[in-house]
Amino acid sequence: MSSKNFESRLLALQSNLLNFAYMLTSNRDDAYDLLQDTTLKALDNEDKYAENTNFKGWVFTIMRNIFINNYRKVVRSATIIDQTEDLYHLNLPQDSGFETPEGSIAANEITDAINSFSDDYRIPFSMHVAGYKYNEIAEKMGLPLGTIKSRIFFARQKLQGMLADYNN
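Think of each chain on its own: its residues are numbered from 1, step by step along the sequence as written. Thresholds applied to this predicted model are a pLDDT of at least 70 for local features of residues and 80 or more for the giving and counting of side-chain atom pairs; totals over whole chains, interfaces and linings are not thresholded and use all residues. Here the side-chain values reflect all heavy atoms present in the structure, with hydrogen atoms and water set aside.

Some thoughts on the nonpolar core
The definition of a nonpolar core used throughout is a set of buried Ala, Val, Leu, Ile, Met, Phe, Trp, Tyr and Cys residues joined through side-chain atoms within 4.5 Å. When accessible area is computed with a 1.4 Å probe and restricted to protein chains, residues below 20% of their type maximum are described as buried, those above 50% as exposed, and intermediate ones as partly exposed. Of all hydrophobic cores here, the largest spans 18 residues; its most connected members are Phe 6, Leu 10, Leu 17, Phe 55, Trp 58, Val 59 and Met 63. Counting from the N terminus, the helices are DSSP H or I runs at least four residues long and the strands are E runs at least two residues long. Elements with a contribution of two residues or more to this core: helix 1 (3-12), helix 2 (14-25), helix 3 (28-44) and helix 4 (55-78). Of all the elements, helix 4 adds the most residues to this core, at seven residues. We call two residues in contact when some of their heavy atoms are within 4.5 Å. When neighbours within four sequence positions are excluded, Leu 10 is seen to be in contact with Leu 17, Thr 39, Ala 42, Leu 43, Phe 55 and Val 59. One finds Ile 137, Ile 152, Ala 155 and Leu 159 within the second-largest nonpolar core, a separate group that totals twelve residues.

Written out as structure tokens, the structure is:
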């Protein structure tokens, strides 16, 4: 394929590539950057394109691979590796999630409030907070799914009522 023919086919795909880039990035500026990177990479690797290969698929694969590589690079750069001699950073006390001592008191009061519920409400609510799905809770407790959803809803309502003074 001649260079001019290659470039014209690549230019004809620009709007399709932009739509695909936007679908991958969900950001207009990032989509334009990805489109530009893809176009440059395709032009740089024109000699690697095999004549009987699907041109559109080849270019879209380049875009997808650039996106994946960039994503992995971002994830790697966000990972913090403690390279201090005695792992000083890893041994620092971790944030408890409570900004003030009052926050830990509130957490204790929330726990006490939940524990004050009858087993019919406390168990499914606690399981839900622990990450169990409604159907898993229903199966474990041998109750209908609707009953579990209702009990969790009413437990949440009761808890909000008991701790209403914290909203102020």
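Past the structure itself, the notes keep going.
Re the packing of helix 1 against helix 4
What counts as an axis is a line fitted to C-alpha atoms, over the stretch in contact for a helix, and the angles between N-to-C directions run from 0 to 180 degrees. It is at 11 Å that the axes of helix 1 and helix 4 come closest, and there the two elements cross at 65°. By the criterion of interaxial angle, the relationship of helix 1 to helix 4 is roughly perpendicular. Regarding helix 1 and helix 4, the two cross each other, and that crossing is right-handed. Residues Phe 6, Arg 9 and Leu 10 of helix 1 touch helix 4, and the partners they reach there are Phe 55, Trp 58 and Val 59. Residue composition of the contact of helix 1 with helix 4, grouped by class: five nonpolar, no polar and one charged. Oblique is the label for any angle not under 35 degrees, not over 145, and not in the 65 to 115 range, which are roughly parallel, roughly antiparallel and roughly perpendicular in turn. Crossing handedness is defined as follows: a turn of the near helix away from the far one that is anticlockwise and smaller than a right angle gives a left-handed crossing, while the clockwise case is right-handed. Ten residues, namely Ala, Val, Leu, Ile, Met, Phe, Trp, Tyr, Cys and Pro, are considered nonpolar, four, namely Asp, Glu, Lys and Arg, are considered charged, and the remaining ones, Gly among them, are considered polar.

Details of the pattern of salt bridges
In what follows, salt bridge is the name for a side-chain nitrogen of Lys or Arg lying within 4 Å of a carboxyl oxygen of Asp or Glu. Evaluation of the coordinates by the stated rule reveals two salt bridges. Note that Asp 119 and Arg 122 form a salt bridge whose closest N and O atoms lie 2.3 Å from each other. Pair noted here: Asp 119 and Arg 122 are both in helix 6 (residues 119-129), with a separation of three residues, about one helical turn. With relative accessibility at 24%, the residue Arg 122 sits in the partly exposed group.

Describing a negative patch on the surface
Grouping into patches uses exposed residues only, defined as over 30% relative accessible area, and leaves out salt-bridged ones; the cut-off is 9 Å for like charges and 5 Å for nonpolar side chains (Val, Leu, Ile, Met, Phe, Trp, Tyr). Surface exposure here means Shrake-Rupley accessible area, sampled with a 1.4 Å probe, where a residue is shielded only by the protein chains that are shown. Positive charge is attributed to Lys and Arg, negative charge to Asp and Glu, and no charge count is given to His or to the chain ends. One atom stands in for each charge, and that atom is NZ of Lys, CZ of Arg, CG of Asp or CD of Glu. A contiguous patch of negative charge, built from Asp 29, Asp 30, Asp 33 and Asp 37, is present on the exposed surface. Tracing the chain through its elements places Asp 29 in helix 3.

Describing the environment of Ile 68
On the secondary structure map, Ile 68 appears in helix 4. Separated by 44 residues in sequence, Ile 68 and Leu 24 place their C-alpha atoms 9.5 Å apart.

What to know about the layout of surface pockets
Estimated volume of the largest pocket: approximately 150 Å³. The set of elements that each furnish at least two residues to the lining of the largest pocket consists of helix 3 and helix 4. At four residues, helix 3 tops the list of elements feeding residues into the lining of the largest pocket. For the lining of the largest pocket, the class distribution of residues is three nonpolar, two polar and three charged. Buriedness for pockets is judged along seven lines, at least five of which must meet protein on both sides within 12 Å for an open set on the 1 Å grid over protein atoms alone, while cavities are sets there where a 1.4 Å probe fits but cannot get out, and lining residues have an atom within 4 Å of a point. Grid points are joined across faces, edges and corners, and a volume is the space filled by probe spheres set on the points.

Focus on the confidence of the model for the protein
pLDDT expresses, on a scale from 0 to 100, how confident the predictor is about each individual residue. Looking at the protein, pLDDT values average 83 and 80% of them are 70 or higher. Confidence, expressed as mean pLDDT per element, reaches its minimum in the protein at helix 5 (residues 101-115) with 71 and its maximum at helix 3 with 94.

Topic: a nonpolar patch on the surface
Nonpolar side chains collect at one region of the surface, where Tyr 121, Phe 153 and Phe 154 lie side by side and expose about 300 Å² of accessible area between them. Here Phe 154 shows up in helix 8 (residues 145-162). What makes Phe 154 partly exposed here is its relative accessible area of 47%.

Some details on helix 4
For helix 4, which comprises 24 residues, the first-to-last C-alpha distance of 35 Å matches the rise-based estimate of 34 Å (1.5 Å per residue) to within 8%. Buried within helix 4 we find Phe 55, Trp 58, Val 59, Phe 60, Ile 62, Met 63 and Ile 66. Lining the buried residues of helix 4 we find helix 1, helix 2 and helix 3. Distance and chemistry together define a polar contact, namely a pair of N or O atoms within 3.5 Å, with one atom able to donate a hydrogen and the other to accept it when in protein, and with adjacent residues in sequence counting only for side-chain atoms on both sides. The N-cap residue of helix 4 is Asn 54: its side-chain oxygen and the backbone nitrogen of Lys 56 are 3.2 Å apart. In a helix, the anticipated span is given by 1.5 Å times the number of residues less one.

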